[in-house]
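Understanding the architecture of this molecule
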Amino acid sequence: MFWLLLLLLAWAGAGVTCTRLCLAAVRAAAVGTDAGRAYELTLYEAAFLSGGPTRVADLTLVAMARQRRLLLAHTGWATVVDPYGRDEMERSVIGAIGPAGQSRTAPVRAAAAAADAVRGLADRLVAAGLAVPDGARTTVATGVRQVRAAAVAVVALGAVALLLPVAQDVPRAHVALWFALPLALTLSCLAIARFEAHPYTRWASPAGMRLLSALTVPSAGAGDDGAYLASIAVHGVHAVREPGLRAALAHRHH
């Protein structure tokens, strides 16, 4: 009956990790439930709620490049044209490029995303109940990883149990069925987390998600720069239309 001990271990792992994930998701969902009713998002705020600090940096780079105040070469270099930023985000980008006025795009993007201006933006959104605090994001992400590990452990323990000798009156199909139950629990928990927690627990709270859902992004015409930047804020650099600019931003991965 050694397989029963393995079954208990499987149930313990599945039960503990699923409980932790559910509690973390509930705490994250409780953030800012009644907030943001009369709040109007800026483009930077929409970018943060949609994609976090890196999305804010990407939006700033694209906005400055389209206004010809920053050159983004397809070779992966950023060059300052206008050294006077119009807001904190732009000044962070210019500061990240440095006094030489030219730098690789990837480190500029990383430095701008970690700048005080973005952290201040995040703090304001958290205080308004529109963004999830960093601790809650970490807790949910950790919980998902633990449940995934528990699912793998259940499969491994079940495989070991099936390889061990069992009593003749215990069909191996029954052993497999018993291990299928904690596996179903972990997989169900992951599925629920995917469809219920994943859309908002990374950056935006439920209230922030409601504001993003209500944010109208009109189809950007040739001269409608505001609509174009709003599309990039919500959808990321995939919404960039210019081939050269898209190639320049592609160097962020290198």
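Note on numbering: residues in each chain are counted from 1, in written sequence order. Local features are withheld for residues below a pLDDT of 70 in this predicted model, meaning they are given only at 70 or higher, and side-chain atom pairs are given and counted only at 80 or more; totals for whole chains, interfaces and linings count all residues. The side-chain figures draw on all heavy atoms in the structure; neither hydrogens nor water molecules are used.

**What to know about the overall build of the protein chain**
For the record, the criterion: Only DSSP runs of H or I reaching four residues or more are called helices, and only runs of E reaching two or more are called strands; each is numbered from the N terminus. When a residue's accessible area, from a 1.4 Å probe over protein chains only, is under 20% of the maximum for its type it is buried; when over 50% it is exposed; and in between it is partly exposed. Should any heavy atoms of two residues lie within 4.5 Å, those residues are counted as being in contact. Only the protein chains shown count as covering a residue, and every accessible area follows the Shrake-Rupley method with a 1.4 Å probe.
Tallying secondary structure elements over the protein chain gives 11 helices and three strands in all. Reading the protein chain from its N terminus to its C terminus gives the helix and strand order α-α-α-β-β-α-β-α-α-α-α-α-α-α. Taking all 254 residues of the protein chain together, 44% fall into the buried category. Partitioning the intrachain contacts of the protein chain with sequence separation of at least 6 by distance along the chain shows that 70% fall at a separation of at least 24. Per element, the accessible surface of the protein chain, about 13200 Å² overall, is 64% carbon and sulfur.

**Brief notes about helix α10 (residues 225-235)**
Because an α-helix packs 3.6 residues into every turn, residues spaced three or four apart end up facing the same way. Taken together, the buried positions of α10 are A227, Y228, L229, A230, S231, I232 and A233. Two residues or fewer past α10, G236 is found with a positive phi of approximately 90°.

**Looking at the packing of helix α2 (residues 43-51) against helix α3 (residues 53-66)**
Keep this limit in mind: Each axis is a line fitted through C-alpha atoms, and for a helix only the stretch in contact is used; angles between axes span 0 to 180 degrees, taken between their N-to-C directions. Should an angle fall under 35 degrees it is taken as roughly parallel, and over 145 as roughly antiparallel, whereas 65 to 115 is taken as roughly perpendicular and any remaining angle as oblique. A clockwise turn of the near helix away from the far one marks a right-handed crossing, whereas an anticlockwise turn of less than a right angle marks a left-handed crossing. Gly falls in the polar group here, along with every residue not listed as nonpolar (Ala, Val, Leu, Ile, Met, Phe, Trp, Tyr, Cys, Pro) or charged (Asp, Glu, Lys, Arg).
Contact pair α2 / α3: the axes reach a minimum separation of 7 Å and the direction vectors enclose 140°. Judged by the inter-axis angle, α2 sits oblique to α3. Here α2 and α3 pass one another in a crossing that is right-handed. For the pair α2 and α3, contact is made by L43, Y44, A47, F48, S50 and G51 and by P53, T54, R55, V56, L59 and T60, respectively. Of the residues belonging to the contact of α2 with α3, the class tally is seven nonpolar, four polar and one charged.

**Remarks on the environment of P182**
Within the element layout of this structure, P182 appears in helix α8 (residues 172-201). Classification of P182 as buried rests on a relative accessible area of 0%. Considering only alpha carbons, one finds P182 and W11, 171 residues apart in sequence, at a separation of 5.6 Å. Once residues within four sequence positions are removed from consideration, P182 is found in contact with A10, W11, A14 and V154.

**Description of the packing of aromatic side chains**
Spelled out, the test is: Centres within 6.5 Å make a pair out of two Phe, Tyr or Trp rings, where for Trp the six-membered ring is used; the pair is then stacked when the planes are under 30 degrees apart, edge-to-face when over 60, and tilted otherwise. Note on geometry: a ring has a charge over it if NZ (lysine) or CZ (arginine) is within 6 Å of the ring centre and within 35 degrees of the ring normal.
If you walk through the whole model with that rule in mind, you get one aromatic pair. Over the ring of Y228 we find R241; its NZ or CZ atom is 4.0 Å from the centre of that ring.

**Remarks on the sheet that holds strand β1 (residues 70-72)**
Convention followed: Note on pairing: two strands pair once DSSP finds at least 2 bridges between them.
Pairing in this open sheet of three strands is antiparallel, and the strands run β1-β2-β3 from one edge to the other. What marks the edges here is a single partner per strand, and that holds for β1 and β3 (102-104). Going from strand to strand, the sheet's axes swing by 20° on average, the running direction of each strand aside. Relative to strand β2 (residues 77-80), β1 is paired through three bridges, and the arrangement is antiparallel. In the strand pairing of β2, L72 is matched with A78. Along the sheet face, helix α4 (residues 88-97) touches β1, β2 and β3 and points at about 110° away from the line of β2.

**Topic: the pairing of β2**
The alternating pattern of β2 places A78 and V80 on a buried face and W77 and T79 on a face that is not buried. Linking β1 back to β2 in an antiparallel pair, the connection comprises four residues, with G76 at a positive phi of about 95°. The pairing of β2 with β3 spans three bridges and is antiparallel. Considered in β3, the bridge of T79 is made with Q102.

Everything listed here is a matter of geometry and, on its own, says nothing about what the molecule does.
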